[in-house]
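Spelled out, the chains give:
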Amino acid sequence: DAFAIHLYADGTPAPGWPAGGMPVAPTPGHQLGPLLAPDSEGGVLVLYVQAGSNPDVRIRRLTSDGLIHPGWPADDVALNIGPSWQGSRIMGDGAGGAYHVWMDDRTRPSGASFSPSYLDLYAQHVRADGVLDPAWPLGGLAITTAPEEQSEPVVVPDQAGGFVVVWEDLRNYATTGWDVYALRIRADGTVYPGWPSEGRPVSRAPEYHWRTRACEDGTG
């Protein structure tokens, strides 16, 4: 199971949190791969996988004293992602909600074996009230569906309510190998003006580019 705890600066548990941690998910069974993001109000957003024959990605918002945030669904928010996914990332939206970015191979033909060449990037926005943002596509916003593999996304805030995502990209494998691309997405799920819809190449130098990292520059 996934457990959480809130520690003060001196290492003592905050009031309301058991010393051994508290279970994050309300449902029985296995919870895997928890990821955290601050909710901008002193609490935390927790993304986890509810394991099973059809794994379910869910997100919960906790207050600083370990309670489910008022108005948040008791069963947590089920994220409507593609049938096959991996590599989730989560980032607070600065207003109590979160952005979720993941790798997704929904374009894999029926019956075909898994191959990284089908991996694309998608994103969703969960509002502060635990509702999936209706301005965004229900199955996720396509960050890029360029040919070949797009993977290992890194997400940072843009200081305007949206985010910048940077990733490793194989669309030009025949000429330059692994490249690095980036894209800026606004809070309403649209591409920021001036950015190419399938991402801007950060580096297309020859050979391979791996272990991508990013941080915000304070100006978007």
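In case you missed it, the structure is sitting above this.
Read on for an overview of the structure. (Residues numbered from 1 in each chain as written. Predicted model: local features only at pLDDT ≥ 70, side-chain atom pairs only at ≥ 80, totals over all residues. Heavy atoms only, no water.)

1. Examining the overall build of the protein
The number of helices and strands found in the protein is one helix and 14 strands. Against the globule reference of 17 Å for 220 residues, the protein gives a C-alpha radius of gyration of 18 Å, in line with a compact fold. Judged by the C-alpha coordinates and their principal axes, the protein covers about 55 × 45 × 35 Å. Here the protein holds 220 residues, and the buried ones make up 45% of them. A sequence separation of at least 24 residues applies to 43% of the contacts in the protein between residues at least 6 apart. Here the protein has roughly 10700 Å² of accessible surface; of this, 57% comes from carbon and sulfur atoms. If the 14 positive side-chain charges of the protein are averaged to one point and the 26 negative ones to another, these points end up 3 Å apart. (Helix = DSSP H or I, 4+ residues; strand = E, 2+ residues; numbered from the N terminus. Rg over C-alpha atoms; globule rule 2.2 N^0.38 Å. Buried < 20%, exposed > 50% of the residue type's maximum accessible area, 1.4 Å probe, protein only. Contact = heavy atoms within 4.5 Å. Areas by Shrake-Rupley, 256 points an atom, 1.4 Å probe, with all protein chains shown as cover. Lys, Arg positive; Asp, Glu negative; His and termini not counted. Charge placed at Lys NZ, Arg CZ, Asp CG, Glu CD.)

2. Concerning the nonpolar core
Ranked by size, the top nonpolar core spans 17 residues in total, and within it W136, I143, F163, V165, W167 and I185 carry the most contacts. If you list the elements that add at least two residues to this core, you get strand 8 (98–104), strand 9 (120–126), strand 10 (141–144), strand 12 (163–169) and strand 13 (179–185). In terms of nonpolar packing, the next biggest core, distinct from the first, is built from 16 residues, V49, W72, L79 and V126 among them. (Core = buried A, V, L, I, M, F, W, Y, C linked by side-chain atoms within 4.5 Å.)

3. What to know about the sheet that holds strand 5 (residues 56–62)
Read from one edge to the other, the open sheet built from four strands follows the order 3-4-5-6, with strand pairing classed as antiparallel. At either end of the open sheet lies a strand with only one pairing partner, and these are strand 3 (31–38) and strand 6 (77–78). As judged from the six bridges shared by strand 3 and strand 4 (residues 44–50), these two strands associate in the antiparallel manner. By the bridge assignment for strand 4, Q31 is matched with Q50. (Pairing = 2+ DSSP bridges.)

4. Digging into unusual backbone geometry
Of note, E152 is a non-glycine position whose phi angle comes to about 55 degrees, a positive value. Among the structural elements, E152 can be located in strand 11 (residues 150–157). Here E152 falls in the partly exposed class, since its relative accessible area comes to 36%. Backbone geometry at Q159 places phi at a positive 65 degrees, although glycine is not the residue there. As for its position among the elements, Q159 is in the loop between strand 11 and strand 12.

5. Overview of the pattern of salt bridges
Applying the stated rule across the entire model yields 10 salt bridges. In this structure, the salt-bridge partner of D39 is R61, at a minimum N-O distance of 2.9 Å. Taken together, the positions of D39 in the loop between strand 3 and strand 4 and R61 in strand 5 put the pair 22 residues apart, joining distant regions of the chain. Looking at R61, the relative accessible area reads 1%, which means it is buried. With its nearest N and O atoms 2.9 Å apart, the salt bridge here joins D129 to R127. (Salt bridge = Lys/Arg side-chain N within 4 Å of Asp/Glu carboxyl O.)

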